[in-house]
12 protein chains.
Amino acid sequence: MIRIAVIHGPNLNLLGIREPELYGGDDLDTINRRLQQLASEEQIELRITQSNSEGAILDAIHAAFGWADALIINPAAYTHTSIAIRDAIAAVRLPTVEAHLSNIYAREPFRRRSVIAPVVIGQVSGFGSESYLLALRAAKSVVERARR
Amino acid sequence: MIRIAVIHGPNLNLLGIREPELYGGDDLDTINRRLQQLASEEQIELRITQSNSEGAILDAIHAAFGWADALIINPAAYTHTSIAIRDAIAAVRLPTVEAHLSNIYAREPFRRRSVIAPVVIGQVSGFGSESYLLALRAAKSVVERARR
Amino acid sequence: MIRIAVIHGPNLNLLGIREPELYGGDDLDTINRRLQQLASEEQIELRITQSNSEGAILDAIHAAFGWADALIINPAAYTHTSIAIRDAIAAVRLPTVEAHLSNIYAREPFRRRSVIAPVVIGQVSGFGSESYLLALRAAKSVVERARR
Amino acid sequence: MIRIAVIHGPNLNLLGIREPELYGGDDLDTINRRLQQLASEEQIELRITQSNSEGAILDAIHAAFGWADALIINPAAYTHTSIAIRDAIAAVRLPTVEAHLSNIYAREPFRRRSVIAPVVIGQVSGFGSESYLLALRAAKSVVERARR
Amino acid sequence: MIRIAVIHGPNLNLLGIREPELYGGDDLDTINRRLQQLASEEQIELRITQSNSEGAILDAIHAAFGWADALIINPAAYTHTSIAIRDAIAAVRLPTVEAHLSNIYAREPFRRRSVIAPVVIGQVSGFGSESYLLALRAAKSVVERARR
Amino acid sequence: MIRIAVIHGPNLNLLGIREPELYGGDDLDTINRRLQQLASEEQIELRITQSNSEGAILDAIHAAFGWADALIINPAAYTHTSIAIRDAIAAVRLPTVEAHLSNIYAREPFRRRSVIAPVVIGQVSGFGSESYLLALRAAKSVVERARR
Amino acid sequence: MIRIAVIHGPNLNLLGIREPELYGGDDLDTINRRLQQLASEEQIELRITQSNSEGAILDAIHAAFGWADALIINPAAYTHTSIAIRDAIAAVRLPTVEAHLSNIYAREPFRRRSVIAPVVIGQVSGFGSESYLLALRAAKSVVERARR
Amino acid sequence: MIRIAVIHGPNLNLLGIREPELYGGDDLDTINRRLQQLASEEQIELRITQSNSEGAILDAIHAAFGWADALIINPAAYTHTSIAIRDAIAAVRLPTVEAHLSNIYAREPFRRRSVIAPVVIGQVSGFGSESYLLALRAAKSVVERARR
Amino acid sequence: MIRIAVIHGPNLNLLGIREPELYGGDDLDTINRRLQQLASEEQIELRITQSNSEGAILDAIHAAFGWADALIINPAAYTHTSIAIRDAIAAVRLPTVEAHLSNIYAREPFRRRSVIAPVVIGQVSGFGSESYLLALRAAKSVVERARR
Amino acid sequence: MIRIAVIHGPNLNLLGIREPELYGGDDLDTINRRLQQLASEEQIELRITQSNSEGAILDAIHAAFGWADALIINPAAYTHTSIAIRDAIAAVRLPTVEAHLSNIYAREPFRRRSVIAPVVIGQVSGFGSESYLLALRAAKSVVERARR
Amino acid sequence: MIRIAVIHGPNLNLLGIREPELYGGDDLDTINRRLQQLASEEQIELRITQSNSEGAILDAIHAAFGWADALIINPAAYTHTSIAIRDAIAAVRLPTVEAHLSNIYAREPFRRRSVIAPVVIGQVSGFGSESYLLALRAAKSVVERARR
Amino acid sequence: MIRIAVIHGPNLNLLGIREPELYGGDDLDTINRRLQQLASEEQIELRITQSNSEGAILDAIHAAFGWADALIINPAAYTHTSIAIRDAIAAVRLPTVEAHLSNIYAREPFRRRSVIAPVVIGQVSGFGSESYLLALRAAKSVVERARR
């Protein structure tokens, strides 16, 4: 059994309600249900959190330490500024997959830089809610390779 | 009747107590009373919040969605760094007026850039507590024009 | 009685005729009439100038010295380059309110920096012709506070 | 049936032979075999090319036009400099997935910028040869959504 | 009797458990005990806080106002981005010593700039948990000099 | 009949008299005669202005509005700094060809940037007085295409 | 008789087929026919090449040496990066006219810099396929002036 | 007999009236009288102009051509932005001395760069009205050396 | 017994005589006496040097090699430019504490960067002459930890 | 016996024919003959290639793998842009000497940066065709030292 | 009687011997003789030093303290890098005139910035050896004004 | 007979004693002996100096003037900052070869720029002590070519 913590960053609770042309029409509950379904097919246990607070996201990363085998995080707007999230990921040393709904490299310049990226294993971005499912597959493959 | 949410950012709870030479001698209660008085003259209903936490400010912006016709926000120190507040304002799509007590363009270089400004309707800065009253008039005029 | 000089910068004589989607549908005469109307309500005497020439704008600022209690200036395209206008404002030491029709911080990068802003009292931008009326109220409040 | 062109950029013919600590132990043939296997499971027809020449990669992108439903490209060292590849992708207007073996954002600064990224649908990076399989799934999902 | 507030920033609750090669083997409790011991030898009363939340750190700085004679703060990841913490320190006007476990100037470029440093009295960095003890001695000496 | 306004910027009245090695040996009168000759061959009516004053150039652009079908402008030294000329061209919305005697991209770095270029149809530079004749042909072709 | 080599850079073989809103509706054959027609009217012999490969473009420039009196080149995407093309033009010392279909100075920032421009005689950009005809006239005038 | 044109730039007509702590207590008439007195002692004929308009300053430089042996110019605020004044000085090829009342290199960063300086013979700055007298001596020495 | 070399950089011989508001009222002899007193209490042998010459400071660092257990250096103005001092410290591989009287991070931008810092163990800055005493305690603690 | 591959980059086939004042009067054949002569004196076997194509240069580097003991490469214009050549050299892990005819550090700014340099053993530049002979001696000495 | 220390920086001992086209034909002895002559006419006592060593120049500035009324310094190559000389001038608080033989603002970019300029009274540059005589007159005028 | 001055910069007296992994195991005496041996084989007379002082290095360059036919200099840490050494080399106009033990372009960013390089003939870097022998051969070849 693989255990993975999924952390959704700020404003993602508004997903599906607003700006569907940018982020797609799925709301966060739908995304979480699709994640849970793929997880049960793949024998993965998930813990999913969403918070608008940088401090609470740090707490969630710390809480994953000792329980999770890997992290999936969409840091949203904190992607571009939060050295604290970067440090938390580096500190707990869990293999982490960074996921983004939109292709952040095709957006405004200030969104093209992720301060999180240098401490993660890999990144999946640009496929809407599909990004989360690809991230789950990627995280599973990383954990399995490490166990071998 | 027009409904407007007013959000005061970090450290503004210290207003009037300290650094009056920079921000003027009014404390936050006085400013809020003057806002309420002008609001009742102008047939405006106000909801006023102050928080030091970026996450709580996001929550306040989300909460305004569905209730308010416009936002007035003084993001204070978060003006210069918070992409999350910018995203929240863009997501709720409420017409927003950015207000500052001091003229941020006459201060240190790092204070001269607002990451919030590109998503607001307009900005009033530099007139001390008067900035809030001008912002309230500006917000009212924006809402009325949209209703016409 | 308060005396205020209003100076409109380059290309503003074309207002209302062209690009109404960017600057609103009011032409400069309409704006000036609305300013005069609010001024007479508020016991303010106005002198209004428009020029396309940087040198003529300097002359207008110099001329205000000794007559006006405050300046309102929309430096338009010179906002971003004219150190001479900045020096003139600093030299005559009149309290000055900078006004812009559009939100300059939501436009092209080279329009996001005002070289005038560091020498003014405050700034109002983004509310179309309403920006001038708010600027007039702001200027009045600054003069009255100084007289007290 | 979905048709996808896969293009491997410069130096990737050396894969698996050298620097396994950086790019993993799989050589290009192994990766291609794994791609073909997943493709046949998923009813996808593949055409795979590798070239060290920027001009030949442009030719391959042009050739995909009219045949392929989507592109998967690992531009390798050209990721960071080739405006010509970017223009070719934009010109043929095929949905494109950018794949990288390593997490380019955790490497030297000059590797952290992709000039290709702004014209692709999405990006998968950092999972070794697994990146290609995730990219294939992503490309399939993009094509299917467009057909619906 | 001298009263000093000590504030530990984000992720420091993980100290001693992880990355001992970078931050030393002491956990936060050990550091706090050593601080308390030196404080009681030197007739200093301490109040120690740790938080992952920027807002809560602001609250702690505000709370020190009126009680403490000096602040010791290790802003950790917020060192490089938090204008709000800088403003809070400037607002409460308590003499502040900035402490860092590691030598931030020998680390990644983005860690070499402290936005906090311009408002503190001085800085001690690079001596592991010893940095805190040196900071305590420094804070004491600053307070005593001011009293003279 | 096509009507085109030609505007020569600052210092161009000195042409042909000084620095022939840089700008060629033709003086401004000769250039204007050659322009008039080609214009009469091509059934074009011309109005030609030269001014050293930025404000007077704005006036000339405004005056072209309502009369001219296209503008040809050599903004000379104002090419690199005048946002006001850029705004005037954008405001009158006449198709504009930017002409330069010398190849500005082979000169000092500060001459390699034209703030005017983003609002013009196209640019001809580097062919001495021939640049004006090519610009006249280009302007004619643009007007004719628009009429079709 | 004047001999001119015309070199079309990468992706230009797709012209007219795709993105007509950006580059116009003419395909490369049409452009070449119009060039040949003007050339025969003006007593010019042309040799026209197109290649996607930077190396092949260098070969074409070298081949022009000893045959051509002038070069016309549209380096397309290589405009912004190819020091090798710049060096080849400088080495063969043929007068060269740089041509662009679109106004590169009104496009994305990375397209606004031509590394080729400092070694050419002049530049024509922004007039669609007309740019090539203007370039041919310009090249002819440069050769004739040199022969005088 | 040596003939020298002296040109005072924008806002200098306000000298002596305002900001004596920055520019000294002498007004422009006093400075001009002291210049005339030294000139008559040194057998120099002077022509002195002041203008707030960049275009009028260009005209004055052009007018000096054919009459003056040297120029003394204090371009004031235009020092930092006027490529047109630079071009005019370069075009008339008169030996030019740049004079500044204040030490521009000890002021705000944007005042520390003179775009005029690369085309002048030399510069005198920081000695108040004395700067003009030193500039006159310098100009005389340059003209005499050239005559030898 | 611990042996520590203390090196004072350029201009520090003027300490206490001039600019006491910036560097405190202690002259260099007083600081050295306080250092010697603390050293004798802590069983440390000191060798103290001051020089205005970068070369002589290199010689002093070289001389410490083979004798000292640690270095304390206040490189003063050379802090910001001397790669040679940095190389010397790296070459002799003595644990080094960098000390500054003032908080260099609260001063002019060019003083906020220490090229020395990346090769030292730690830094103490901002506490006036107290900085040296804290540096001595820090150096002792570093040596003792290494001996254990 | 030592085996060394020598690779000449783009435009070097024009050597000696053009621009002798910059690159010296030797053509590429002369250089290759002098290299072969020194090689036979020093018991070195050479394989020499020249290509204008970046892709062909990559192929040549790949081909050297398994045959050569060292590489000598003059990447010419690709020196400044080709991450692909850099990656190829890093991948084959052959000790490589970078040679330049001219002193690239005394030329235009964009030629002063070599993206190849960080992966080579050393560099020889500025001695005309002599640079190649010095590079051959350097390569030999590197191979011999490694064999010892 | 006025006492002035004159300090010549590095390489100035070679003056007049080499590069007369850049620095003029006078050697340092001639310049010093002319300075002494003007000094005796103007009742000024001079002390003149030249050194190639930054440390020795600091010593000379320190030595002037207590003796001189003003400093004249040509820091030559140290103009652009020596924070230590800047600090020494600021520390001794003598009014200082910076002199340069050549117009440093018309030379290479790295020579256009003086780190010394912000702490001097004024600057004279570009008049060859005449710059020193003008500097002497300027220094005298500064001292006399201060005495009044 | 050829005469060559060899100048070793700061910290090179420590060579061979420390950091052999970076600079090789040879000490400075060994390098000097190998230089003398090759010099006597090649009929070259050498004068070798080492100094840690920038001023003393300037003196050594001046002293070479009139005696040496060429200079070999390893400016070590001064490579990156000393405009004074650059000026001295330019002033004595001796052909100069810059030598470095390590490949400075593969080290920290601040070591990748040589301010000396633009005034030397050529550069040899990265071959340990062999760099000096190659530099000697290069210097000889330069002198011989000049004599021809």
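Refer to the structure above for everything that follows.
Computed from a predicted model, the values in this text were never measured in an experiment.

Visitor: Before we go on, may I ask you to explain the overall build of chain A in this structure?
Guide: If you tally the helices and strands in chain A, you get five helices and five strands. Shown N-terminal to C-terminal, the secondary structure of chain A runs as helices and strands in the order β-α-α-β-α-β-α-β-β-α. Computed over the C-alpha atoms, the radius of gyration of chain A is 14 Å, within 12% of the 15 Å expected from 2.2 N^0.38 for a compact globule of 148 residues. Residues counted as buried form 64% of the 148 residues belonging to chain A. Across chain A, contacts joining residues at least 24 apart in sequence account for 77% of those joining residues at least 6 apart. Per element, the accessible surface of chain A, about 5,200 Å² overall, is 47% carbon and sulfur. Side chains of chain A carry 16 positive and 16 negative charges; the gap between the two charge centres is 6 Å.

Visitor: Got a minute to help me understand the interface of chain D and chain A in this structure?
Guide: How big an interface is tends to be stated in terms of the accessible area lost upon association of its parts. Residue-level contacts link 21 residues of chain D with 21 residues of chain A. Of all residues in chain D, Y105, Q123 and F127 of chain D bury the most surface against chain A, accounting for 31% of the area lost on that side. Elements with a minimum of two residues in the side of chain D that touches chain A: strand 5 (122-125) and helix 5 (130-147) of chain D. Per-element tally for the side of chain D that touches chain A: the top contributor is helix 5 of chain D, with seven residues. Across the side of chain D that touches chain A, the residue classes break down as 12 nonpolar, six polar and three charged. Pairing analysis gives three bridges linking strand 5 (residues 122-125) of chain A to strand 5 of chain D, with the strands arranged antiparallel. Across the sheet, the residue bridging to S125 of chain A is Q123 of chain D, located in strand 5 of chain D.

Visitor: Got a minute to help me understand the sheet that holds strand 5 (residues 122-125) of chain C in this structure?
Guide: Within a sheet, neighbouring strands are paired by backbone hydrogen bonds and run either parallel or antiparallel to one another. Spatial ordering of the open sheet is given by 2(B)-1(B)-3(B)-4(B)-5(B)-5(C)-4(C)-3(C)-1(C)-2(C), a layout of 10 strands whose pairing is mixed. Of all the strands in the sheet, the pair left with one neighbour each is strand 2 (44-50) of chain B together with strand 2 (44-50) of chain C. On average, adjacent strands in this sheet sit at an angle of 20° to one another, irrespective of strand direction. As judged from the five bridges shared by strand 1 (residues 2-8) of chain B and strand 3 (residues 70-74) of chain B, these two strands associate in the parallel manner. The partner of I7 of chain B across the bridge, within strand 3 of chain B, is I73 of chain B. Its contacts with the sheet put helix 5 (residues 130-147) of chain B on strand 1, strand 2, strand 3, strand 4 (96-100) and strand 5 (122-125) of chain B, and the angle it makes with strand 1 of chain B is roughly 145°.

Visitor: What exactly am I supposed to notice about the relation of the copies chain D and chain A here?
Guide: There are two copies of the chain, and a rotation about an axis plus a shift along that axis relates them. The operation relating chain D to chain A is a screw motion whose rotation component is 180°, with 0.0 Å of axial translation and a residual RMSD of 0.0 Å. Overall, the copies show the geometry of a two-fold rotation axis. Considering only C-alpha atoms, the residue of chain D closest to the rotation axis is V124 of chain D, which sits at 2.4 Å. A symmetric contact is evident, with 100% of the interface residues of chain D recurring at the interface of chain A.

Visitor: I keep staring at the interface of chain H and chain C and nothing clicks. Help me out?
Guide: Contacts between the two partners involve 18 residues from chain H and, on the opposite side, 16 residues from chain C. Between chain H and chain C, a total of about 1,400 Å² is buried, with carbon and sulfur atoms accounting for 54% of that surface. Remark: the boundary between chain H and chain C carries two salt bridges. R111 of chain H is the salt-bridge partner of D87 of chain C, the closest N and O atoms lying 2.7 Å from each other. For the pair chain H and chain C, the interface holds five residue pairs in polar contact (both at pLDDT 80 or more).

Visitor: Quick question: what am I supposed to make of the sheet that holds strand 1 (residues 2-8) of chain G here?
Guide: Read across the open sheet, the 10 strands follow the order 2(F)-1(F)-3(F)-4(F)-5(F)-5(G)-4(G)-3(G)-1(G)-2(G); overall the sheet is mixed. Across the chains shown, the open sheet's two edge strands, defined by having one partner strand only, are strand 2 (44-50) of chain F together with strand 2 (44-50) of chain G. For this sheet the average axis-to-axis angle between neighbouring strands, irrespective of direction, equals 20°. Summarising the sheet, strand 1 of chain G and strand 2 of chain G pair through seven bridges and their orientation is parallel. Counterpart to I2 of chain G in the pairing with strand 2 of chain G is I44 of chain G. Across the sheet, helix 5 (residues 130-147) of chain G is in contact with strand 1, strand 2, strand 3 (70-74), strand 4 (96-100) and strand 5 (122-125) of chain G; its angle to strand 1 of chain G comes to roughly 145°.

Visitor: Looking at this structure, how should I read unusual backbone geometry?
Guide: Glycine aside, a negative phi is what most residues show, and trans is what most peptide bonds show. Of note, the phi angle at R93 of chain H is positive, near 55°, even though the residue is not glycine. In this fold, R93 of chain H is placed in the loop between helix 4 (83-92) and strand 4 (96-100). Assessed through its relative accessible area of 45%, R93 of chain H is described here as partly exposed. Notably, N11 of chain L is not glycine yet its phi reads approximately 75°, a positive angle. For N11 of chain L, the position within the fold is in the loop between strand 1 (2-8) and helix 1 (20-23).

Visitor: What is the right way to look at the relation of the copies chain H and chain C in this model?
Guide: With an RMSD of 0.0 Å, the fit of chain H onto chain C corresponds to turning through 120° and sliding 0.0 Å along the axis. In symmetry terms, the pair is related by a three-fold rotation axis.

Visitor: Looking at this structure, I do not really get the arrangement of the chains. What am I missing?
Guide: A gap remains between chain D and chain I, with no contact made and the closest C-alpha atoms lying 19 Å from each other. For the non-touching pair chain B and chain L, the nearest C-alpha separation works out to 26 Å.

Visitor: What's the story with the side chain of N52 of chain E in this structure? I'm lost.
Guide: Locating N52 of chain E in the fold gives a position in the loop between strand 2 (44-50) and helix 3 (54-64). Overall, the relative accessible area of 6% leaves N52 of chain E in the buried class. A polar atom in the side chain of N52 of chain E sits 3.2 Å from the side chain of Q50 of chain E. Not counting residues up to four positions away in its chain, the partners in contact with N52 of chain E are G55, L58, D59 and H62 of chain A together with G9, P10, N11, N13 and Y78 of chain E.

Rules of the game
- Each residue is numbered by its place in its chain's sequence as written, counting from 1.
- Naming scheme: in the order in which they are written, chains are lettered from A and ligands are numbered from 1.
- The predicted nature of this model means local features are confined to residues of pLDDT at least 70 and side-chain atom pairs, given and counted, to a pLDDT of 80 or more, with totals for whole chains, interfaces and linings taken over all residues.
- The side-chain numbers reported here are obtained from all heavy atoms of the structure, hydrogens and water having been left aside.
- Put simply, DSSP marks the helices as runs of H or I at least four residues long and the strands as runs of E at least two long, and each gets a number from the N terminus on.
- Based on C-alpha atoms, the radius of gyration is set beside the globule rule, defined as 2.2 Å times the residue count to the power 0.38.
- Relative accessible area decides the class of each residue, using a 1.4 Å probe on protein chains only: under 20% of the type maximum gives buried, over 50% gives exposed, and in between gives partly exposed.
- Contacts are assigned to residue pairs that have any heavy atoms within 4.5 Å of one another.
- All accessibility values rest on the Shrake-Rupley procedure with a 1.4 Å probe; residue burial counts only the protein chains present in the view.
- In this tally Asp and Glu are treated as negative and Lys and Arg as positive; neither His nor the chain ends contributes.
- Lys charges are placed at NZ, Arg charges at CZ, Asp charges at CG and Glu charges at CD.
- Defined in terms of a 1.4 Å probe, buried area is the accessible area two parts forfeit on being brought together, summed over both.
- Ten residues, namely Ala, Val, Leu, Ile, Met, Phe, Trp, Tyr, Cys and Pro, are considered nonpolar, four, namely Asp, Glu, Lys and Arg, are considered charged, and the remaining ones, Gly among them, are considered polar.
- Pairing between strands is defined by DSSP: at least two bridges between the two strands are required.
- Fitting a line to C-alpha atoms yields each axis, with helices limited to the stretch in contact; the angle taken between N-to-C directions then spans 0 to 180 degrees.
- Copy-to-copy alignment: least squares on C-alpha atoms, limited to residues at pLDDT 70 or above in both.
- Salt bridge criterion: a side-chain nitrogen from Lys or Arg within 4 Å of a carboxyl oxygen from Asp or Glu.
- What qualifies as a polar contact is a pair of N or O atoms within 3.5 Å, subject to a donor-acceptor requirement within protein and to the restriction that residues adjacent in sequence count only when both atoms come from side chains.

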